[in-house]
Amino acid sequence: MFDTKIALVLREDLAAWQALNVTAFLTSGIVAQCPEIIGEPYRDRSGTVYNPLSVQPVIVLAADAATMAAIHRRTLERGLRTSLYIEEMFRTGHDAANRAVFADYGPEDARVVGIGMRADKKLVDKITKGARMHP
């Protein structure tokens, strides 16, 4: 049904609150990059209007730290723009602080806890190889 795939990969050792937080942040990054994935508002029978949702399913995967690093490397090698969340961002409290701590790390030393992407299905499958469905 879709030529593209949206995938989020979370490091498998995150606490539940961290996994949910990272999922929300990564998804917001994908929506910002690809606003066309947002559909029309929802209306219930009584006419109450709710926010629009993504028109495309999102797959959530889990991986260990080594696989996360490999997935991150593969996205960089292919020039794929992603949403990325690093461990140090858990210690900040707002966007400016997140961006400041993020800027202190490079691909070789970033402790990636989450990565989100939207691309051609086959490319996403190749990049996320080694990850499995999140429990």
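Below is a short write-up of the structure.

Rules and cut-offs
Residues numbered from 1 in each chain as written. Predicted model: local features only at pLDDT ≥ 70, side-chain atom pairs only at ≥ 80, totals over all residues. Heavy atoms only, no water. Pairing = 2+ DSSP bridges. Helix = DSSP H or I, 4+ residues; strand = E, 2+ residues; numbered from the N terminus. Core = buried A, V, L, I, M, F, W, Y, C linked by side-chain atoms within 4.5 Å. Buried < 20%, exposed > 50% of the residue type's maximum accessible area, 1.4 Å probe, protein only. Contact = heavy atoms within 4.5 Å. Polar contact = N/O pair within 3.5 Å; in protein donor to acceptor, adjacent residues only side chain to side chain. Phe/Tyr/Trp six-rings, centres within 6.5 Å; stacked < 30°, edge-to-face > 60°. Salt bridge = Lys/Arg side-chain N within 4 Å of Asp/Glu carboxyl O.

**Details of the sheet that holds strand β1 (residues 4–11)**
So, step 1. What the five strands build is an open sheet, ordered β5-β6-β1-β4-β7; its pairing is mixed. On the outer flanks of this sheet lie β5 (83–86) and β7 (132–133), each paired with one strand and no other.
So, step 2. Of the pairings in the sheet, the one linking β5 to strand β6 (residues 112–120) comprises four bridges and is antiparallel in character. Following the sheet pairing, Ile86 is matched in β6 by Val112.

**Some points on the pairing of strand β4 (residues 58–63)**
So, step 1. Bridging between β1 and β4 involves six bridges; their strand directions are parallel. Paired with Val9 across the strands is Leu61, a residue of β4.
So, step 2. Sheet analysis places β4 next to β7, joined by two bridges and oriented antiparallel. The partner of Ala62 across the bridge, within β7, is Arg132.

**Structural notes on the nonpolar core**
So, step 1. Of all hydrophobic cores here, the largest spans 31 residues; its most connected members are Val9, Leu14, Val22, Tyr85, Ile115 and Met117.
So, step 2. Every element with two or more residues in this core is listed here: β1, α1 (16–33), β4, α2 (65–77), β5, β6 and α4 (121–127).
So, step 3. Setting aside anything within four residues of it in sequence, one finds Met117 in contact with Lys5, Ile6, Ala7, Ile30, Ile71, Thr75, Leu80, Thr82, Val124, Ile127 and Thr128.

**Some points on the pairing of β1**
So, step 1. With six of eight residues buried, β1 lies mostly within the body of the structure.
So, step 2. Two strands pair when backbone bridges link them, and β1 and β6 are joined in this way by seven bridges, in the antiparallel orientation. Residue Ala7 lies in a different strand from β6, and its bridge partner there is Met117.

**Quick look at the side chain of Ser83**
So, step 1. Within the fold, Ser83 resides in strand β5.
So, step 2. A relative accessible area of 10% means that Ser83 is categorised as buried.
So, step 3. A polar contact is formed between the side chain of Ser83 and the backbone oxygen of Leu26, at a distance of 3.2 Å.
So, step 4. Residues contacting Ser83, with those up to four places away along its chain left out, are Leu26, Gly29, Ile30, Gly114, Ile115 and Gly116.

**Some remarks on the packing of aromatic side chains**
So, step 1. A full pass over the atoms with the stated rule returns three aromatic pairs.
So, step 2. Each ring, one from Phe25 and one from Tyr85, has its centre 5.6 Å from the other, and the planes form 45°; the classification is tilted. Taken as a pair, Phe25 in helix α1 and Tyr85 in strand β5 lie far apart in primary sequence, 60 residues in all.
So, step 3. Looking at Phe25, the relative accessible area reads 40%, which means it is partly exposed.

**Here's the deal with the pattern of salt bridges**
So, step 1. As enumerated under the stated definition, the model contains eight salt bridges in all.
So, step 2. Salt-bridge contacts for Asp125 lead to Lys5; the nearest nitrogen and oxygen are separated by 2.5 Å. On the criterion of sequence distance, the pair formed by Asp125 in helix α4 and Lys5 in strand β1 is long-range, its members being 120 residues apart.
So, step 3. With a relative accessible area of 39%, Asp125 lands in the partly exposed category.
So, step 4. Under the relative-accessibility criterion, Lys5 is labelled partly exposed at 24%.
So, step 5. It is possible to trace a salt-bridge network through shared partners that takes in Arg11, Asp13 and Glu87.

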